[in-house]
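Per-entry structural report
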Amino acid sequence: MDGRFLNRVAVSLLLSVIAMGGALVTARSVVPDTAPPTPVFRLPELQPVSIMPFMARASLAHGGQLVGHICAQCHALAVGGEGVGPVLVDVVGRNIASLPSYAYSAALRQHGGQVWDDQGLSDWLASPSRYAAGTRMSFAGLPDPQDRADAIRYLHTLHIPSPPSTTGALQ
């Protein structure tokens, strides 16, 4: 490589930067900035809603569909199942962040003294990132309280099967 070749490369780069800068200045002067000074609409803030009225008419079938389509992507729904998230069997009534086989985020471990009851599950399912800011769960949430109630109703059915009783069988 000689000096003339390096000069050509340098001039080409310089002219390219000048052309791009000129195009940017021209575009900004020709195309108006149409962003409004304030947002036209705002997404509703998710206020805590009592889930109890919705639980009274919760649909087990719809909840099973929701849990199957949404939750089962990351969570196991049976004992011994594998998933990215913790197993959901017996989640209702279990202490938050209490499974020893799962490494919970620090955000969720802060709720460790609490129990997953219907209202707590509803608040979590509405927006996991609001319930435990910094959680690793990337689920955006279920905004409809009836959908949350349906899913919680289905979660109530996920139990560890009890061993068969042997009393009375040996008589």
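Counting restarts for each chain, with residues numbered from 1 along the sequence as it is written. For this predicted model, a pLDDT threshold of at least 70 governs which residues receive local features, and a threshold of 80 or more governs which side-chain atom pairs are given and counted, while totals over whole chains, interfaces and linings are taken from all residues. Processing note: side-chain calculations cover all non-hydrogen atoms of the structure and skip hydrogens and water entirely.

**What about the nonpolar core?**
As a rule of thumb, nonpolar side chains are buried together in soluble globular proteins. Rule in force here: Residues grouped as a nonpolar core are buried Ala, Val, Leu, Ile, Met, Phe, Trp, Tyr and Cys residues, joined through side-chain atoms within 4.5 Å. Partly exposed describes any residue whose relative accessible area lies between the buried limit of under 20% and the exposed limit of over 50%, with all areas from a 1.4 Å probe on protein chains only and scaled to the type maximum. A run of H or I in DSSP becomes a helix once it reaches four residues, and a run of E becomes a strand once it reaches two; helices and strands are each numbered from the N terminus. The contact criterion used is simple: two residues touch if any of their non-hydrogen atoms lie within 4.5 Å.
In this structure, Leu108, Trp116 and Trp124 are the most contacted members of the largest nonpolar core, which totals 23 residues. Of all the secondary-structure elements, those providing two or more residues to this core are helix 2 (52–55), helix 4 (106–109), helix 5 (118–126) and helix 7 (145–155). With 4 residues, the top contributor of residues to this core is helix 7. Residue contacts for Trp124: discarding those within four places in its chain leaves Leu108, Trp116, Tyr131, Ala132, Thr135 and Met137.

**Details of the packing of helix 5 against helix 7**
The line we're drawing: Structural elements are reduced to axes, namely lines fitted to C-alpha atoms, with helices fitted over the stretch in contact, and the angle between N-to-C directions of any two is expressed from 0 to 180 degrees. In these notes the angle categories are as follows: under 35 degrees is roughly parallel, over 145 is roughly antiparallel, 65 to 115 is roughly perpendicular, and the rest is oblique. In this scheme the crossing of two helices becomes right-handed for a clockwise turn of the near helix relative to the far one and left-handed for an anticlockwise turn of less than a right angle. In this count, Pro and Cys sit with the nonpolar residues alongside Ala, Val, Leu, Ile, Met, Phe, Trp and Tyr, while Asp, Glu, Lys and Arg are called charged and the others, Gly among them, polar.
It is at 10 Å that the axes of helix 5 and helix 7 come closest, and there the two elements cross at 125°. With respect to helix 7, the element helix 5 is oriented oblique. For the pair helix 5 and helix 7, the crossing hand works out as right-handed. Here helix 5 contributes Asp118, Leu121, Ser122, Leu125 and Ala126 to the contact with helix 7, which in turn contributes Arg148, Ala151 and Ile152. Each residue belonging to the contact of helix 5 with helix 7 can be placed in one class, and the counts come to 5 nonpolar, 1 polar and 2 charged.

**Let's talk about helix 3 (residues 60–69)**
Every α-helix carries 3.6 residues per turn, so stepping three or four residues along brings you back to the same face. As a reminder, the rule being used: Note: the arc covers the axis-to-C-beta directions of the helix.
Three or more residues of helix 3 are buried, namely Gly63, Leu66 and Val67. Buried positions in helix 3, seen along its axis, are confined to an arc of 95° and lie on one side of it. Exposed and oriented more than 90 degrees from the buried face of helix 3 are Ala61 and His69. Lining the buried residues of helix 3 we find helix 7.

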